[in-house]
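# Secondary and tertiary structure notes
Residue-level listing of the chains:
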Amino acid sequence: MATTEECRAALEKLSDNLGNAEGDVRSAAELDRSVSCHITDLDVTFAGRMADGRIDVRETLEGPPREKADIRLAMTGDDLVALVDGELNFAKAWGSGRVKLEAGLRDLFRLRKLL
């Protein structure tokens, strides 16, 4: 089982990947939205902001998200690490329910370029 530190490192790696992206992926990552990622098996939520093509994790909270972020993710720590490492396909994980993504319709259309 992935630790809180490993999950935070995975989110930092994801942020770096988004920051170095080009083309359609870069434009999709340039949203300015609040973001939360609930790690279900650890019952920890990382909350922050996606802006300027990066994800800035500002808080690590015990339990589920306290506020409704614009973009909300929920998954196990192992799935987060596997997604960022390229070992788990996001679309398949989302379709099977392993990963939950909630956002407004416009944001979902932009985010699909990242997936």
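This write-up is about the structure you can find in this document.

Conventions used here
- Residues numbered from 1 in each chain as written.
- Predicted model: local features only at pLDDT ≥ 70, side-chain atom pairs only at ≥ 80, totals over all residues.
- Heavy atoms only, no water.
- Phe/Tyr/Trp six-rings, centres within 6.5 Å; stacked < 30°, edge-to-face > 60°.
- Helix = DSSP H or I, 4+ residues; strand = E, 2+ residues; numbered from the N terminus.
- Buried < 20%, exposed > 50% of the residue type's maximum accessible area, 1.4 Å probe, protein only.
- Pairing = 2+ DSSP bridges.
- Axes fitted to C-alpha atoms, helices over the stretch in contact; angles between N-to-C directions.
- Salt bridge = Lys/Arg side-chain N within 4 Å of Asp/Glu carboxyl O.

Glancing now at the packing of aromatic side chains. Taken as a whole and assessed by the stated rule, the structure comprises one aromatic pair. Arranged with centres 6.0 Å apart and planes meeting at 40°, the rings of Phe-90 and Trp-94 form a pair that is tilted. Taken as a pair, Phe-90 and Trp-94 lie in helix H4 (residues 90-96) at a separation of four residues, close to a single helical turn. Owing to a relative accessible area of 36%, Trp-94 belongs among the partly exposed residues under this scheme.

Moving on, we get to the sheet that holds strand E2 (residues 44-51). Strand order in the open sheet formed by five strands is E3-E2-E1-E4-E5, with mixed pairing between adjacent strands. Two strands lie at the open edges of the sheet, namely strand E3 (54-62) and strand E5 (100-103), each paired on one side alone. The mean angle between the axes of side-by-side strands here comes to 20°, regardless of whether they run parallel or antiparallel. Pairing geometry for strand E1 (residues 33-39) and strand E4 (residues 71-75), over five bridges, is parallel. Opposite Cys-37, over in E4, you have Leu-73 as the bridge partner.

In the structure shown here, the tally under the stated rule is eight salt bridges. Where Asp-32 meets Arg-49, a salt bridge forms, and the shortest distance between an N and an O atom there is 2.8 Å. Separated by 17 residues along the polypeptide, Asp-32 in the loop between helix H2 (23-29) and E1 and Arg-49 in strand E2 bring together distant segments of the chain. By relative accessible area, which is 44% here, Asp-32 ends up partly exposed. Between Arg-58 and Asp-56 there is a salt bridge, and its shortest N-O distance comes to 3.0 Å. With a relative accessible area of 56%, Arg-58 lands in the exposed category.

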